[in-house]
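Observations on the three-dimensional arrangement
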Amino acid sequence: MIQVQHLTKSYGSVLALNDVSFHIRQGEFFGLLGPNGAGKTTTISIMSTIVAPDKGSVTIAGHDLVKEPTLCKRNIGVVPQEIALYNELSAYDNLLFWGSLYGVPSAELKKRIDTTLDLFGLFDRRNDKVKTYSGGMKRRINIASALLHQPKVLFMDEPTVGIDPQSRNLIFEVVEKLHKQGMTIVYTTHYMEEAERFCDRIAIIDKGQIIAQGSLEELKSSSKIKECISVTFRELQQESSRKLATLLEGDFNITDGTLSYNTSNVRSDLSKIILKCSEAGTEVAHIDIKKVNLETIFLNLTGKQLRD
Amino acid sequence: MFKIAFKDLKLFFADKRGVLLTFLLPISLITLFSLAFGGSGSSDESRPQTLVVTDEDGTDFSQSVIAKLDSLKEIEVRLTTLDTAQRWVKKGNENAVLIFHKGFKESVEAGTEGAIELQYDAAKAMEIGILQSALIGNLMSIIGPGSMKTKIVSRFDAQYPDMDSTTRANIHQQITENLSGSAQTGGSDGQGSMITTTALVREKENSPGLVQAVAGTAIMMLLFSVTGLGASMLDEKQEGTLKKLLYSPLHPNSILFGKMISTNIISMMQMIVMFLFSGIVFGLDIGHNIPSLLLMVFATAFACSGFGVLLAAFAKSRSQVQGVSTLIILSMSAFGGSMIPVFLMPAWMQQVAVVSVNYWGIQGFYDIYWRMLAFTDPVFLSKVGVLLGMGLVLNLVALRMFKKNVLDIS
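About the cut-offs
- The numbers attached to residues start from 1 for each chain and follow its sequence in the written order.
- To label them, take the chains in the order written and letter them from A, then take the ligands in the order written and number them from 1.
- Only residues with pLDDT of at least 70 get local features here, since the model is predicted, and only at 80 or more are side-chain atom pairs given and counted; chain-wide, interface and lining totals rely on the full set of residues.
- For the side-chain quantities, the full set of heavy atoms in the structure was used; hydrogens and water were omitted.
- The way it works is that DSSP assigns letters per residue, a run of H or I at least four long becomes a helix, a run of E at least two long becomes a strand, and they are numbered from the N terminus.
- Exposure classes here rest on a 1.4 Å probe applied to the protein chains alone. A residue is buried below 20% of its type maximum, exposed above 50%, and partly exposed in between.
- What makes two residues a contact is simply this: any of their non-hydrogen atoms within 4.5 Å.
- Only the protein chains shown count as cover for residues, and the accessible areas themselves come from Shrake-Rupley with a 1.4 Å probe.
- When two parts are put together, the accessible area they lose, computed with a 1.4 Å probe and summed over both, is reported as buried area.
- For this analysis, a salt bridge means a side-chain nitrogen from Lys or Arg found within 4 Å of a carboxyl oxygen belonging to Asp or Glu.
- In protein, a polar contact requires one atom able to donate a hydrogen and another able to accept it; more generally it is a pair of N or O atoms within 3.5 Å, and residues adjacent in sequence count only if both atoms are side-chain atoms.
- All amino acids are sorted into three groups, where Ala, Val, Leu, Ile, Met, Phe, Trp, Tyr, Cys and Pro are nonpolar, Asp, Glu, Lys and Arg are charged, and the leftover types, Gly among them, are polar.
- By this rule, a helix spans an expected 1.5 Å times one less than how many residues it contains.
- Think of the arc as the fan of directions from the helix axis to the C-beta atoms.
- Note on method: axes are straight lines fitted to C-alpha atoms, helices fitted across the in-contact stretch only, with angles between N-to-C directions ranging 0 to 180 degrees.
- Any angle that falls under 35 degrees is termed roughly parallel, while one over 145 is termed roughly antiparallel, one within 65 to 115 roughly perpendicular, and all others oblique.
- Handedness of a crossing follows from how the near helix is turned relative to the far one, being left-handed for an anticlockwise turn of less than a right angle and right-handed for a clockwise one.
- Only buried residues count toward a nonpolar core. Its members are Ala, Val, Leu, Ile, Met, Phe, Trp, Tyr and Cys residues joined through side-chain atoms within 4.5 Å.
- Two strands pair if DSSP finds at least two bridges between them.
- pLDDT: the predictor's confidence for each residue, scored from 0 to 100.
- Every crossover in which the path from the first strand over the helix to the second runs clockwise, viewed with the strands pointing away from the viewer, is termed right-handed.
- Patch membership requires over 30% relative accessible area and the absence of a salt bridge. Like charges are linked within 9 Å, and nonpolar side chains (Val, Leu, Ile, Met, Phe, Trp, Tyr) within 5 Å.

Observations concerning the overall build of chain A
Each helix and strand in chain A was counted, giving 11 helices and 14 strands. In chain A, buried positions account for 50% of the 308 residues. Across chain A, every contact between residues at least 6 apart in sequence was considered, and the portion connecting residues at least 24 apart equals 70%. When the accessible surface of chain A is totalled, it reaches about 14400 Å², and 47% of it is carbon and sulfur.

Describing the interface of chain A and chain B
Facing the 21 residues of chain A at the interface are 14 residues of chain B. Note on chain A versus chain B: buried area summed over both sides is about 1600 Å², and carbon and sulfur give 65% of it. Three residues, A:Ile50, A:Lys73 and A:Leu101, lead the burial of chain A against chain B; their summed loss comes to 32% of the area buried on that side. Counting the contacts that link chain A with chain B gives 1 salt bridge. Residue B:Lys243 pairs with A:Glu82 through a salt bridge whose shortest N-O separation is 4.0 Å. Here chain A is connected to chain B by 6 residue pairs in polar contact (both at pLDDT 80 or more). Secondary structure elements with two or more residues in the side of chain A that touches chain B: helix 2 (69–75) and helix 3 (91–100) of chain A. When its residues are assigned to classes, the side of chain A that touches chain B shows 13 nonpolar, 5 polar and 3 charged.

Topic: helix 3 (residues 60–71) of chain B
Residue and element names in this part refer to chain B. Look at helix 3: 16 Å from first C-alpha to last across 12 residues, which is about the 16 Å you get at 1.5 Å a residue. By the burial criterion, the buried members of helix 3 are Ser-62, Val-65, Ile-66 and Leu-69. Along helix 3, the residues classed as buried sweep out an arc of 95° about the axis, all on the same side. Exposed and oriented more than 90 degrees from the buried face of helix 3 are Asp-60 and Ser-71.

Looking at the packing of helix 3 of chain A against helix 4 (residues 106–119) of chain A
Residues and elements named next belong to chain A. Between helix 3 and helix 4, whose axes approach to 10 Å, the crossing angle comes to 130°. As far as their axial angle goes, helix 4 and helix 3 are oblique. Read as a crossing pair, helix 3 and helix 4 show a hand that is right-handed. Taking contact as the criterion, the partners of Ala-91, Tyr-92, Leu-95, Leu-96, Gly-99 and Ser-100 in helix 3 are, on helix 4, Leu-109, Lys-110, Ile-113, Asp-114 and Leu-117.

Here's the deal with the side chain of B:Glu94
All names here are of chain B. Among the secondary structure elements, Glu-94 is positioned in the loop between helix 4 (82–91) and strand 3 (96–100). Here the side chain of Glu-94 touches Arg-78 through a polar contact of 2.6 Å, side chain to side chain. Dropping the residues within four chain positions of it, Glu-94 is found in contact with Thr-50, Val-52, Arg-78, Trp-88, Val-89 and Lys-124.

Describing unusual backbone geometry
Trans peptide bonds make up most of the peptide bonds, and negative phi angles are found at most residues other than glycine. All names here are of chain A. With a phi angle near 50°, His-6 is a residue other than glycine that sits in the positive phi range. Within the secondary structure, His-6 is located in strand 1 (residues 2–11). One non-glycine residue, Gln-150, lies in positive phi territory at about 50°. Mapped onto the elements of the fold, Gln-150 is located in the loop between helix 5 (135–144) and strand 7 (153–157).

Some details on the nonpolar core
In terms of nonpolar packing, the biggest core is built from 93 residues, with A:Ile2 and A:Phe155 touching the most fellow members. By size, the runner-up hydrophobic cluster in this structure holds 47 residues, among which are B:Leu223, B:Ile286, B:Ile340 and B:Tyr366.

With respect to the side chain of A:Asn94
Within the secondary structure layout, A:Asn94 lies in helix 3. Residue contacts for A:Asn94: discarding those within four places in its chain leaves A:Leu85, A:Tyr86, A:Leu89 and A:Val130.

Focus: the sheet that holds strand 12 (residues 251–255) of chain A
Residue and element names in this part refer to chain A. Read across the sheet, 4 strands follow the order 12-13-11-14 without closing on themselves; strand pairing throughout is antiparallel. Lying at the two open borders of the sheet, with one neighbouring strand each, are strand 12 and strand 14 (284–291). Averaged over neighbouring strand pairs, the angle between their axes works out to 15° when direction is ignored. Sheet topology places strand 11 (residues 227–233) next to strand 14; 7 bridges connect them, and they run antiparallel. Bridging from a neighbouring strand, Glu-227 pairs with Lys-291 of strand 14. Most of the contacts of helix 9 (residues 238–247) go to strand 12, to which it runs at about 175°, and overall it touches strand 11, strand 12 and strand 13 (258–263).

Some thoughts on the sheet that holds strand 8 (residues 184–188) of chain A
Residue and element names in this part refer to chain A. Pairing within the open sheet is mixed, and its 6 strands lie in the order 6-7-8-3-9-10. Edge positions in the sheet fall to strand 6 (76–79) and strand 10 (209–214), since each of these pairs with one other strand and no more. Geometrically, the sheet is characterised by an average inter-axis angle of 15° between neighbouring strands, direction not taken into account. Along the sheet, helix 6 (residues 165–180) contacts strand 3 (29–33), strand 7 and strand 8; its crossing angle with strand 8, the most-contacted strand, is approximately 145°.

Focus on the pattern of salt bridges
Between side chains of opposite charge, a pair can form as their charged atoms come close. Counted under the stated rule, the structure contains 14 salt bridges over all chains. Each of the salt bridges in this network shares a partner with another, and the network as a whole consists of A:Arg25, A:Glu28 and A:Arg201.

Thoughts on the confidence of the model for chain B
Predicted coordinates in areas of low pLDDT are best not read in detail. All names here are of chain B. In the predicted model, chain B carries a mean pLDDT of 76, and 76% of its residues have values of at least 70. Low pLDDT, under 50, characterises residues 37–45; the predicted model gives this stretch 5 contacts beyond four residues in sequence or across chains. Ignoring residues within four places in sequence, the model shows residues 182–192, a span with pLDDT below 50, making 13 contacts including any to other chains. Reported confidences for the modelled complex are a pTM of 0.65 and an ipTM of 0.79.

Re the pairing of strand 2 (residues 75–79) of chain B
Residues and elements named next belong to chain B. Strand direction decides the pairing type here: strand 1 (residues 49–55) and strand 2, joined by 5 bridges, are parallel. Residue pairing in the sheet places Val-52 in a bridge with Arg-78 of strand 2. The β-α-β motif built from strand 1, the intervening helix 3 and the parallel element strand 2 has right-handed crossover chirality.

What about helix 10 (residues 252–282) of chain B?
Residue and element names in this part refer to chain B. Between the first and last C-alpha of helix 10 there are 45 Å, a value that for 31 residues agrees with the 45 Å anticipated at 1.5 Å per step. Among the residues making up helix 10, those that are buried are Asn-253, Ile-255, Leu-256, Lys-259, Met-260, Thr-263, Asn-264, Ser-267, Met-271, Met-274, Phe-275 and Ser-278. Taken from the residues just after helix 10, Gly-283 is the one with a positive phi, measuring 75°.

What about the packing of helix 9 of chain A against helix 10 (residues 266–279) of chain A?
Residues and elements named next belong to chain A. Remark: helix 9 packs on helix 10, axes separated minimally by 9 Å, with the N-to-C direction vectors making an angle of 140°. Between helix 9 and helix 10, the crossing angle belongs to the class labelled oblique. In this structure, the crossing between helix 9 and helix 10 has a hand that is right-handed. On helix 10, the residues that touch Lys-243, Leu-244 and Leu-247 of helix 9 are Lys-276, Cys-277 and Glu-279. Looking at the contact of helix 9 with helix 10 residue by residue, the classes come out as 3 nonpolar, no polar and 3 charged.

Examining a nonpolar patch on the surface
Residues and elements named next belong to chain B. Taken together, the side chains of Ile-272, Leu-276, Phe-277, Ile-280, Val-281, Phe-282, Ile-290 and Leu-294 make up a nonpolar region of the molecular surface, amounting to roughly 780 Å² of accessible area. If you list the elements that add at least two residues to the nonpolar patch, you get helix 10 and helix 11 (290–314). Sort the elements by how many residues they give to the nonpolar patch and helix 10 lands first, with 6 residues. With respect to the element layout, Ile-272 can be found in helix 10.

Pasting the structure below:
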């Protein structure tokens, strides 16, 4: 459905994307993960035709993005990170406006608006001005406005940022439903649990380059680390923390009084860690051993938390 | 309390553009109004008034009178044919034409009246008043004594036919001396009868002051309203709706065109409401030429909205929109005639006025409600053409800048 080949983009002297290539199959739920400034938004902006690449090509549903931008646009729906709605208009009028831009016939559009409003649980409030909506309700309308022309591909840029659990669950339900109906979805998020729950395949991008891609299982199996030893201390003085850091070897970090140690051999590393903690003069309160997850893979690959 | 004040001052001076506008704007306006009302300060710099003259008489005498008029420092003669002069006055380019009719020389020698005529535009009453007072005094100095002398001497001779020649010569001498003395002091009874006056463009029911006030204010306020367009484009950009519009299959230029259309419609509605209000409350006869009114409203709205669209395409921040628009609108309104009639301004400012939308708009509404020109009159249509041309140029420039400034959302 989407072919991205050797995409390069610079802003002045800053290289935002460096030879990025990936493909997304029809009906696939594709996650694009990366820390802030990694190049996710630039990639989405190029794929949604509003930023021109310096080099490389993108085809969407068989149409070249540069040569046939209008055809590409008709096949995509974009849910931007920011809530882009007209606050002084009602939800219905907002949807009527955004839907009309894609040439959906009026009668058909009105039917789709009613169905979509119902899907997002906002039919009863359709005539209220958007400015009276909560953040979560606005997010739902923001997503609804990208669906009215029934796109083949849906780009969702952090669609659940800053919303209440009820709205988040409703959005999850809709997203899963769309996926089941065969829509191709490209999803960026800071929430690992969302990526793990929905994505068929994930690409991890950092410093403008794709550093890993595949299904969650493929990413886990290719990772050097298998488990994470998490040590919580009763009290961790700054001096003890510094001493512990000098004593330990391997892939670890100490934040907020907790030591996280990535390992491929828990049995041998666990005893070493306890010994070093004792040498550093720290008192261990709790030890937890976690299976490797997307968060640890991400941390291992980028050296950063996803929310950094 | 002082900490807050200090913080606010620090913030104020950190905004260099704001600081500049805070001081630059009032200085600019003071300069404009000072120049408009009082020139540059030195009272001896009074500029000569242009006087359009037509010499139908074509005698040595009429030419010498015209040459004497031209030599006066307060009058600058512009000689042309009668047709051309009348066209200039009708178009509003000139205020009046002084005509030396055929037989002027004979009438002066015979002491009869009516050979000089001042045809004028009654809309320019104030200017005509100033011109007439300058003209009559000077004409009296140039031709008055000779004309009066002939008249008085001939009446005297007719009344006393039997007087001896020495006494008659003494009395004639006395009359000549008295008349030249009175001419030098600038006037005598009956001077006005030397020139007949005719309104070439007649005074109508609509007062020129009312037309000036309505049209001038309407255009200035319209310019302020269209700056909302600039702000609305920035709102679209800041709130993400512009980006979302760009995701759609719409051509990017369509976004600007859409704004142009909505602004034009709102502008026309605003102008129509303002004219309706003036008709109802102040009695402006708006019904007298509806097609011309609608055409002029359209042309003015198009030119003004072009300004708004340009602002939308140019501005990168709300402070830029507010600052730049206030400066430009107040300047255009000041020298374009929205605040004070153009004819009261110095000559150079009158020349600058033609670059403003306000000037052409106000003159166009004068054509409709004061000069009562027809819809098809070339004079009226030329003003419509200028406004449409201005709007077109502004929109085209805006289109170029829109891509560079607004669509750059990366």
